Each structure stands twice: as structure tokens, then as C-alpha cells.
Amino acid sequence: MAEQLSVELRAEGLALGYGRTDIVSGVDLTLAPGTVTAVVGANGSGKSTLLRGLARLLPATSGRVLLGGQDIRRLSQRTLGKRIAVLPQAPVAPEGIRVADLVARGRYVHQSWLRPWSRADEDAVGHALDVTGCAAFATRPLDELSGGQRQRAWIAMVIAQDAGVLLLDEPITFLDLAHQLDVLDLLADLNQYDGRSVVMVLHDLNLAARYAHRIVVMRSGQVLRDGAPDDVVDDSLLAEAFGLDAKVVRDEVAGTPHVLPIGRHLRLSAPPAPASRKEIP
């Protein structure tokens, strides 16, 4: 069972950047325990930078991040790793590593000279391989797999880590639609049945609205909107955050907002409205 599942993750006046340039600035954000949050926004809006800051992969230039009320700068790497599991946008693995060995790396934060590899570690790895559909290719080298299979292996590693908070940067990249839904359903299960908090960067607004309790919209390194999908996703948001001409309708399957992009070509080639009866000769 993941350690300390019910824990709040909070950013206070958070600024993050590279060198002397801040990419994210003045972010105040409270992520309630046991919720699924999707971070969305246009390219370059600061989504991935924010996630890196929440995970302590990027130090804050000002402000702070609190995990259960504790400043994450004061936590040891092992303690932080037991509470937060991170999947970066472009993870790197040693050449030739097998899938099972990659997934086992998720257990490293639980190891010490007083606690060697145990049956609990073995069970955690086996469970992660099974629920992600990776068991069938567990003995194969990671670099021989398709992009989608590799992504599922990385997600299995994060699950094996057994942390209460999962921070995932574009977790459904490289996956076909069926496997995108498989991964999002899996994350929803981890949230619903295990109580884990999930924060994920997504590009697909429709999937974000379906699977997230809350959507955080980034623009120019700041939070533009933050709230439930019904309160956040509307026509004006698409124009303001993405410069997109679109209509938001109701998703007939999920009952959530659904974005219908219009685009210049469709707008220019739309057929004329039908004539009224009075205009018909």
C-alpha cells in the first residue's frame, strides 16, 4: 500500500526557471489529496516546468512547495521518493535494460542495507507489470519495444514505486487511442481504489475533462484558470489559452465538456445556411 496517501501538495508563490529566466512565476496552487488533476495549456505555457518544480526536479527561484505541510526542500531524496513518484516527459534508461529490471527500479527508494530486496518488492513489481499489460514482454529489452510499449513500461515503474502522489508529464504520449484510455482508466483506478493523487500534463482537453476532477490551465507561466471541468472549459477559454476558434458542447458519453475545434479551413468552407421557405421560389 502506498505510503501517506492522504497528503496535500501545495505551491506558494512558486517561481521556476532556467538560468536567470523564470518560466513559471507567482503560482499558488493547492492539490487536494485523493484527486486527479490535469494541467493543460499551449506549448511553452509552463506545464512541464510546473510539474518539475512540484517534484523537486527543478529548484524554485522563489516561493516553495509543501507536501503534507512540509517544505520538500527539507525532505531526503528517499523520503520524497516514497511519497511522490515522477514520470518525466522524456525519461532515459540504461541501454539494453529489460522491462522487468526497469520496473524494479521503482522499488529502489524502499531499499537500504537494513532492508534488502523482499517478497513485497517482488509483488509490487509483478502487480505493476500485470496492471499495465507489460508482463507479456517483461523479459525483453526496453529499446526493442514500440513507443507505446515503452511508455507503458515507464508507467509500470512509477506504479511499482507505490507513492501516494503521482506526477506524470504527458503519460499517454506515443499511445494509440485504445491504450490512451487504458492508461487513463488505470490512473483513475489508482485514484479511486488506492486513494492516490494524480497530477498529469495532458494535451487532449477532452480526455482531461473526462478523467480529471480538476483542470489547471497554464498561460505564460501562470495559472489562467483552475477548477472543475464544467467551470473551466468553455469557448472563451479556448480562445484565451490556445488562440483557438472552437465550440464546447456536452460529451454524450461522459457528460463532460467536449471541445469541437473549428479551424480556418472549415470556417471558410462551411456551406451556406439553408434558405427559408419564403426564399424558395
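Just so you know, these numbers come straight off a predicted model, no measurement behind them.

K.L.:
So what exactly am I meant to see when it comes to a negative patch on the surface here?
P.N.:
On the surface, a cluster of negative charge is contributed by Asp176, Asp182, Asp185 and Asp189. Position of Asp182 among the secondary structure elements: in helix H6 (residues 177-194). The exposure class assigned to Asp182 is partly exposed, which follows from its relative accessible area of 47%.

K.L.:
Explanation requested: the pattern of salt bridges in the structure shown.
P.N.:
Should the charged atoms of two oppositely charged side chains come close, the side chains can pair. Using the criterion set out here, one finds 15 salt bridges in the structure. Residues Glu240 and Arg219 are paired through a salt bridge, measuring 3.9 Å at the closest nitrogen-oxygen approach. With a gap of 21 residues between them, Glu240 in helix H9 (residues 235-242) and Arg219 in strand S9 (residues 214-219) connect regions that are remote in the sequence. Judged by relative accessible area, which is 36%, Glu240 ranks as partly exposed. Residue Glu240 is joined to Arg225 by a salt bridge in which the shortest nitrogen-to-oxygen separation is 3.8 Å. With Glu240 in helix H9 and Arg225 in strand S10 (residues 222-227), this pair connects stretches of sequence that are 15 residues apart. For Arg225, a relative accessible area of 19% corresponds to the buried category. Each member of the salt-bridge network shares a partner with another, and the members are Glu8, Arg10, Glu12 and Arg64.

K.L.:
What am I meant to see in the sheet that holds strand S2 (residues 21-31) here?
P.N.:
Picture the strands of a sheet paired through backbone hydrogen bonds; they go either parallel or antiparallel. Here we have four strands laid out as an open sheet, ordered S2-S1-S4-S5, and antiparallel in their pairing. Edge positions in the sheet fall to S2 and strand S5 (70-71), since each has one partner strand and no second. Of the strand pairs in this sheet, strand S1 (residues 9-18) and S2 are connected by seven bridges, and their pairing is antiparallel. Bridge pairing in S2 links Leu9 to Leu31.

K.L.:
Mind showing me how you'd approach the nonpolar core here?
P.N.:
For soluble globular proteins, nonpolar side chains are generally found buried alongside one another. Ranked by size, the top nonpolar core spans 55 residues in total, and within it Val99, Leu187, Met200 and Ile215 carry the most contacts. No other element matches the eight residues that helix H5 (residues 147-161) contributes to this core. With near-sequence residues (within four places) excluded, Ile215 lies in contact with Ala38, Val40, Ala208, Ala209, Arg225, Asp226, Gly227, Pro229, Val232 and Val233. Grouped together as the second largest cluster of nonpolar side chains are 27 residues, Val7, Val39, Leu50 and Leu51 included.

K.L.:
What's the story with H6 in this structure? I'm lost.
P.N.:
In an α-helix, one turn spans 3.6 residues; hence positions three or four apart end up facing the same way. Compared with the 26 Å implied by 1.5 Å per residue over 18 residues, the 25 Å span of H6 between its first and last C-alpha is a close match. Within H6, burial applies to Gln180, Val183, Leu184, Leu186, Leu187, Leu190 and Asn191. Looking down the long axis of H6, one finds its buried residues gathered within 150° of arc, a one-sided arrangement. Facing away from the buried side of H6 by more than 90 degrees, the exposed set consists of Leu177, Gln192 and Tyr193.

About the thresholds
Residues numbered from 1 in each chain as written. Predicted model: local features only at pLDDT ≥ 70, side-chain atom pairs only at ≥ 80, totals over all residues. Heavy atoms only, no water. Patch = residues over 30% accessible without salt bridge, like charges linked within 9 Å, V, L, I, M, F, W, Y side chains within 5 Å. Areas by Shrake-Rupley, 256 points an atom, 1.4 Å probe, with all protein chains shown as cover. Salt bridge = Lys/Arg side-chain N within 4 Å of Asp/Glu carboxyl O. Lys, Arg positive; Asp, Glu negative; His and termini not counted. Charge placed at Lys NZ, Arg CZ, Asp CG, Glu CD. Helix = DSSP H or I, 4+ residues; strand = E, 2+ residues; numbered from the N terminus. Buried < 20%, exposed > 50% of the residue type's maximum accessible area, 1.4 Å probe, protein only. Pairing = 2+ DSSP bridges. Core = buried A, V, L, I, M, F, W, Y, C linked by side-chain atoms within 4.5 Å. Contact = heavy atoms within 4.5 Å. Expected span 1.5 Å × (residues − 1). Arc of directions from axis to C-beta.

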